Amino acid sequence: MAQRFDHCRLIGSQITYLGRDGLFESRRDKSWNEFSAWDLLEKEGWELVTVIVNEDGHEVAYLKRPTAR
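The following refers to the structure shown.

Scoring rules and cut-offs
- Residues numbered from 1 in each chain as written.
- Predicted model: local features only at pLDDT ≥ 70, side-chain atom pairs only at ≥ 80, totals over all residues.
- Heavy atoms only, no water.
- Helix = DSSP H or I, 4+ residues; strand = E, 2+ residues; numbered from the N terminus.
- Buried < 20%, exposed > 50% of the residue type's maximum accessible area, 1.4 Å probe, protein only.
- Contact = heavy atoms within 4.5 Å.
- Areas by Shrake-Rupley, 256 points an atom, 1.4 Å probe, with all protein chains shown as cover.
- Salt bridge = Lys/Arg side-chain N within 4 Å of Asp/Glu carboxyl O.
- Phe/Tyr/Trp six-rings, centres within 6.5 Å; stacked < 30°, edge-to-face > 60°.
- Lys NZ or Arg CZ within 6 Å of the ring centre and 35° of its normal.
- Polar contact = N/O pair within 3.5 Å; in protein donor to acceptor, adjacent residues only side chain to side chain.
- Patch = residues over 30% accessible without salt bridge, like charges linked within 9 Å, V, L, I, M, F, W, Y side chains within 5 Å.

### Observations regarding the overall build of the protein chain
Now for step 1: Helix and strand counts for the protein chain stand at 1 helix and 5 strands.
Now for step 2: Helices and strands appear in the protein chain in the N-to-C order β-β-β-α-β-β.
Now for step 3: Each of the 69 residues in the protein chain was classed as buried or not, and the buried ones make up 19%.
Now for step 4: Long-range pairs, those at least 24 residues apart, make up 43% of the contacts in the protein chain between residues at least 6 apart in sequence.
Now for step 5: Just so you have it, the protein chain exposes about 5,200 Å², and 49% of that area is on carbon and sulfur atoms.

### Some points on the pattern of salt bridges
Now for step 1: All chains considered together, the criterion is met by 2 salt bridges.
Now for step 2: Measuring nitrogen to oxygen at the nearest pair gives 3.0 Å for the salt bridge that ties Asp39 to Lys43. Of this pair, Asp39 and Lys43 are both found in helix α1 (residues 34-43), 4 residues apart, which corresponds to roughly one turn of the helix.

### Some details on the packing of aromatic side chains
Now for step 1: This model, assessed by the stated rule, comprises 1 aromatic pair.
Now for step 2: With 5.7 Å between their ring centres and 55° between their planes, Tyr17 and Trp46 make a pair best called tilted. Of the two residues, Tyr17 sits in strand β2 (residues 14-18) while Trp46 sits in the loop between α1 and β4 (47-53), which places them 29 residues apart along the sequence.
Now for step 3: Accessibility expressed as a relative area gives 9% for Trp46, which makes it buried.
Now for step 4: Of note, Lys64 hangs over the ring of Phe5, and the distance from its end group to the ring centre comes to 4.2 Å.

### As for the side chain of Thr67
Now for step 1: Positionally, Thr67 belongs in the segment after β5 (59-66).
Now for step 2: Thr67 gets classed as buried once you look at its relative accessible area, which sits at 13%.
Now for step 3: Non-local contacts of Thr67, meaning those with residues more than four positions away in its chain, are made with Gln3, Arg4, Phe5 and Asp6.

### Notes on α1
Now for step 1: Its side-chain oxygen 3.1 Å from the backbone nitrogen of Phe35, Asn33 forms the N-cap of α1.
Now for step 2: In the segment just after α1, Gly45 is the residue with positive phi, at about 90°.

### Concerning a nonpolar patch on the surface
Now for step 1: Taken together, the side chains of Trp38, Leu48 and Val51 present a nonpolar region at the surface, about 250 Å² in accessible area.
Now for step 2: Here Trp38 lies in helix α1.

Interpretation note: all reported values are geometric properties and have no functional meaning in isolation.
Next up, the structure:
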């Protein structure tokens, strides 16, 4: 059986969880800085996949972690 992954992205301190069926769960309302966001993702078991620069010049990090499904 193939390994499945959950995905999320991080822009600055905004984490967006890319959920099943194209649903999004955003943690934009949390008050943290970029370091705290990275720390949270590490504690939740996320692994960095790639970083790109979007059209606004902001770095966008994409991460994954194995699903529990």
